[in-house]
Each structure stands twice: as structure tokens, then as C-alpha cells.
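Here are the chains, one letter per residue:
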Amino acid sequence: MTLNSRPARPVILGQNQYGKAENRVVKITRDGATHHIKDLNVSVALSGDMDEVHYSGSNANVLPTDTTKNTVFAFAKEHGIESAEQFGIHLARHFVTSQEPIQTARIRIEEYAWERIEASDANSQFIGSDEVKHSFVRKGQETRLTQITYDGEKWEVVSGLKDLVVMNSTNSEFWGYVKDKYTTLKEAHDRILATQVSSRWRFNWTDDEQRMPNWEKSYEQTRKHMLQAFAETYSLSLQQTLYQMGSRIINNRSEIDEVRFSLPNKHHFLVDLEPFGLKNDNEVYYAADRPYGLIEATILRDGCEPKIPVDLTNL
């Protein structure tokens, strides 16, 4: 048996994929003096007829990962970046249709949002606010996400966000829970409710015969409904709030069939100020970063099967 010969059964190759991860591409669109930014982190994973490269080291079916990196940057120029989803669709279609050994392409994208810097008045001794259309500041804390998977016939688009920190300073209670000999938590009838939202939602667009969603509008509206539900729910538990957030999305966005949330409870505990002769009337809190309660659930349109992985770290 030579070093390059195939190993004897029953040792066999299981699922495998390869590609170039975290390609940081920034696309500037210049509309005269007004510029627009798309800032993406793109990861490509390809799978298909790749047995021989594992068994014998033959690269005959291997498209170099460096080529996938180059494709990301070339496509930013050739196709532009209308949205993270649309850009991922262009890439996935290209890899599957242009390379016969490649049967499935999975494109994961993080998008970092920017907004224009509000300049001073037009009488500024410098450029003047009416001319400043090219300066930006990173927007918000959250990161927009999408994952595009294509097998040559069917599409799966799962988008979402992470690190969206929200807080209600009232209209939240927590009481009536199970108590045993280890329970020390006091019931709360007016508490802070805060969380750092990680969420994914799955679109029901699966083939080219269907009308494609407006990806930018869908993200904006989904985020809006999520936040409005958080703000407008009088919460007796974080689970209840989570369900209302997901329900609001499903009921208002017909292109989405499934939403999954992972919500850490960012605990805020009242500080005991009595040793200092002070009364703490729900005013001063200690923000604890750990340990934290972790609430996770999937909200589905009736009749739909769950497909988003239970563990969001798989996305």
C-alpha cells in the first residue's frame, strides 16, 4: 500500500466542504459627489465531488480558495452589491453552475451598516454641509447576517441579525415561578427587561420561478416589527416577549415562514442602598454580565416545518 493509495474500508469520508472564509469587501458606489457604502464580510463554502482530494490528494476537482476570494471582489465590481442577500445569490449561482464538481454552495455574509455624518451648517469655514456627502459613521451595534445555500435547483435564504441590545425600563414583571429550597430570587412586579438579540429568519423563496423578496425592505421591516413588539409587550416573562416578537414578524411579513431567537437576559439587580441610609426606589441597578438566563425558541407560520438549526452557532 502506497502513501497515496485510498484507505481501506470501513474508513470512509463523511460530509465535507471547503472555501475562503471572511473576505472583507467594501464597495463604494459614487453617485456624483454622493457616495454609498456596502461593507460585507463574506464566507464561501463549497461541497460536491471532492472525495479524491481527501483520499489521494488529487486537486483535479478543486477550485482554489484563492479563486473564490477573487470572485467575491470581482463580483462586487461586476454585479454591485444591491443587498447582502442578492450578492450571496449571485455568488452561489456562479459557483454551482460554473464548476461541475461543485454541487452545493453556501454563502454566509455579515453586513456592517454605515450612516452619513451630519455636518455643520453650510457657512462652515471648511467644506460646508451641503457638500459633505462622503463621510460616514458605523451605525448601531447590531450586525446584519445572511446565509445563502444553493444546490443547483433550490435556494435557502436565512437572514438575521446579532448584537442588537434593547431595554425596557418598566412594564416587565417576573413572579409566580417554581420555588424550591435553593430559590433566593425575589419576585419582581416592576423590573428592567434587557436582552442582546440574536435572531435568524427563513424566507419561503426557494426557486427562481417565485417572485424574489425585496431584501432591503424586508430586513428593515422585520427589524422594525421585532423592536416594536419588544417595546409594546407588557412582559410577564422574556419568553412571552420573544413569542410576541416572532409572531409580529410572521403576521406582518408574508415572505418569512420561520423565526428563531436566542435572547440572553441581561439581568439588572436593584442595589441595596440601605447601608448608606438611602432608599432605592427602582432607580439604581447593578448590570450583571454573567451568569445570565438564556431564552431560545422558534416561531413558525402554521403548517411550516422548522429548518433553522436549534443551535444558532451553526449559522
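Residues numbered from 1 in each chain as written. Predicted model: local features only at pLDDT ≥ 70, side-chain atom pairs only at ≥ 80, totals over all residues. Heavy atoms only, no water.

K.L.:
Quick rundown of the overall build of the protein? Include the residues and the values.
P.N.:
Within the protein, the regular secondary structure consists of five helices and 12 strands. Taking 20 Å as the expected radius of gyration for a compact globule of 315 residues, we find that the protein reaches 25 Å, considerably beyond that expectation. Projected onto the principal axes, the alpha-carbon positions of the protein cover approximately 80 × 70 × 40 Å. The buried share among the 315 residues of the protein stands at 39%. Long-range pairs, those at least 24 residues apart, make up 67% of the contacts in the protein with a sequence separation of at least 6. Element-wise, carbon and sulfur atoms account for 48% of the exposed surface of the protein, whose accessible area totals about 18,400 Å². (Helix = DSSP H or I, 4+ residues; strand = E, 2+ residues; numbered from the N terminus. Rg over C-alpha atoms; globule rule 2.2 N^0.38 Å. Buried < 20%, exposed > 50% of the residue type's maximum accessible area, 1.4 Å probe, protein only. Contact = heavy atoms within 4.5 Å. Areas by Shrake-Rupley, 256 points an atom, 1.4 Å probe, with all protein chains shown as cover.)

K.L.:
So what's going on with the nonpolar core? Which residues, and what values?
P.N.:
Residues Val42, Phe87, Ile107, Val197, Met226 and Phe261 are the most contacted members of the largest nonpolar core, which totals 51 residues. Among the elements that make up this core, the one with the highest residue count is helix α3 (residues 84-98) (seven residues). Not counting the four nearest positions on each side in its chain, Val42 is found in contact with Lys20, Ala21, Glu22, Asn23, Val25, Val72, Phe87, Leu91, Ile107, Arg108 and Ile109. (Core = buried A, V, L, I, M, F, W, Y, C linked by side-chain atoms within 4.5 Å.)

K.L.:
So what's going on with a nonpolar patch on the surface? Which residues, and what values?
P.N.:
Residues Trp175, Tyr234 and Leu236 make up a contiguous nonpolar surface patch of roughly 310 Å² in combined accessible area. Assignment of secondary structure puts Tyr234 in the loop between α4 (215-232) and α5 (238-252). On the accessibility criterion, Tyr234 (40% relative accessible area) is partly exposed. (Patch = residues over 30% accessible without salt bridge, like charges linked within 9 Å, V, L, I, M, F, W, Y side chains within 5 Å. Salt bridge = Lys/Arg side-chain N within 4 Å of Asp/Glu carboxyl O.)

K.L.:
Please set out the pairing of strand β9 (residues 256-265) residue by residue, giving values where relevant.
P.N.:
Where burial is concerned, most of β9 is hidden: 10 out of the 10 residues are buried. Pairing between strand β8 (residues 193-203) and β9: seven bridges, direction antiparallel. Its bridge partner being in β9, Trp201 is matched across the sheet by Val259. Inspection of the sheet shows β9 paired to strand β12 (residues 293-300) by eight bridges, in the antiparallel sense. Note that in β12 the partner of Leu263 across the bridge is Ile295. (Pairing = 2+ DSSP bridges.)

K.L.:
An account of α4 is needed here, citing residue identities and associated values.
P.N.:
With 18 residues, α4 should reach 26 Å at 1.5 Å per residue; the first-to-last C-alpha distance of 26 Å fits that figure. Turning to α4, its buried residues number three or more, namely Trp215, Ser218, Tyr219, Gln221, Thr222, His225, Met226, Ala229 and Phe230. (Expected span 1.5 Å × (residues − 1).)

K.L.:
Explain the layout of surface pockets residue by residue, including any values.
P.N.:
As a volume, the largest pocket reaches approximately 690 Å³. The wall of the largest pocket is formed by 22 residues, among which Leu185, Lys186, Ala188, Arg191 and Phe269 lie closest to the centre. No other element matches the three residues that strand β10 (residues 268-270) contributes to the lining of the largest pocket. In terms of residue class, the lining of the largest pocket is made up of nine nonpolar, eight polar and five charged. (1 Å grid on protein atoms, 1.4 Å probe; cavity = no way out; pocket = protein on both sides within 12 Å on 5 of 7 lines; lining within 4 Å. Points joined across faces, edges and corners; volume = space filled by probe spheres on them. Nonpolar A, V, L, I, M, F, W, Y, C, P; charged D, E, K, R; others polar.)

K.L.:
Report on the packing of aromatic side chains, specifying residues and quantitative values.
P.N.:
Each aromatic ring pair is described using two quantities: the centre-to-centre distance and the angle formed by the ring planes. Applying the stated criterion across every chain yields a total of six aromatic pairs. Taking 5.9 Å as the distance between ring centres and 80 degrees as the angle between the ring planes, the aromatic pair formed by Trp205 and Trp215 counts as edge-to-face. Separated by 10 residues along the polypeptide, Trp205 in the loop between β8 and α4 and Trp215 in helix α4 bring together distant segments of the chain. Neither residue differs from the other here; Trp205 and Trp215 are each classed as buried. Seen from the ring of Tyr150, Arg93 lies directly overhead, with NZ or CZ sitting 6.0 Å from the centre. One residue, Lys179, lies across the ring of Tyr177, its end atom 4.5 Å from the ring centre. (Phe/Tyr/Trp six-rings, centres within 6.5 Å; stacked < 30°, edge-to-face > 60°. Lys NZ or Arg CZ within 6 Å of the ring centre and 35° of its normal.)

K.L.:
Mind laying out the sheet that holds β9, listing which residues take part and the relevant values?
P.N.:
Spatially, the eight strands line up as an open sheet ordered β1-β2-β3-β6-β7-β8-β9-β12, and their pairing is antiparallel. Two strands close off the open sheet at either side, each with one partner strand: β1 (23-31) and β12. For this sheet the average axis-to-axis angle between neighbouring strands, irrespective of direction, equals 20 degrees. Note that strand β7 (residues 155-168) and β8 share nine bridges and pair antiparallel. Residue Met167 lies in a different strand from β8, and its bridge partner there is Ala194. On the sheet, helix α2 (residues 65-78) packs against β1 and β2 (34-48) and is oriented at approximately 15 degrees with respect to β1. On the sheet, α5 packs against β8, β9 and β12 and is oriented at approximately 155 degrees with respect to β9. (Axes fitted to C-alpha atoms, helices over the stretch in contact; angles between N-to-C directions.)

K.L.:
An account of the confidence of the model for the protein is requested, with residue identities and associated values reported.
P.N.:
Interpreting fine coordinate detail is not advised for predicted regions of low pLDDT. Per-residue pLDDT for the protein has a mean of 91; in total, 90% of the residues score no lower than 70. Within the protein, no element has a lower average pLDDT than strand β5 (residues 136-138), which sits at 62, and none a higher one than α3, at 98. (pLDDT = per-residue confidence, 0-100.)

K.L.:
Go over α3 with me, naming the residues and quoting the values.
P.N.:
Spanning 15 residues, α3 covers 21 Å between terminal C-alpha atoms, matching the ideal 21 Å at 1.5 Å per step. Those residues of α3 lying buried are Ala84, Glu85, Gln86, Phe87, Gly88, Ile89, Leu91, Ala92, Phe95 and Val96. Buried residues along α3 sit against β2, α2, β3 (102-112), β6 (143-150), β7 and α4.

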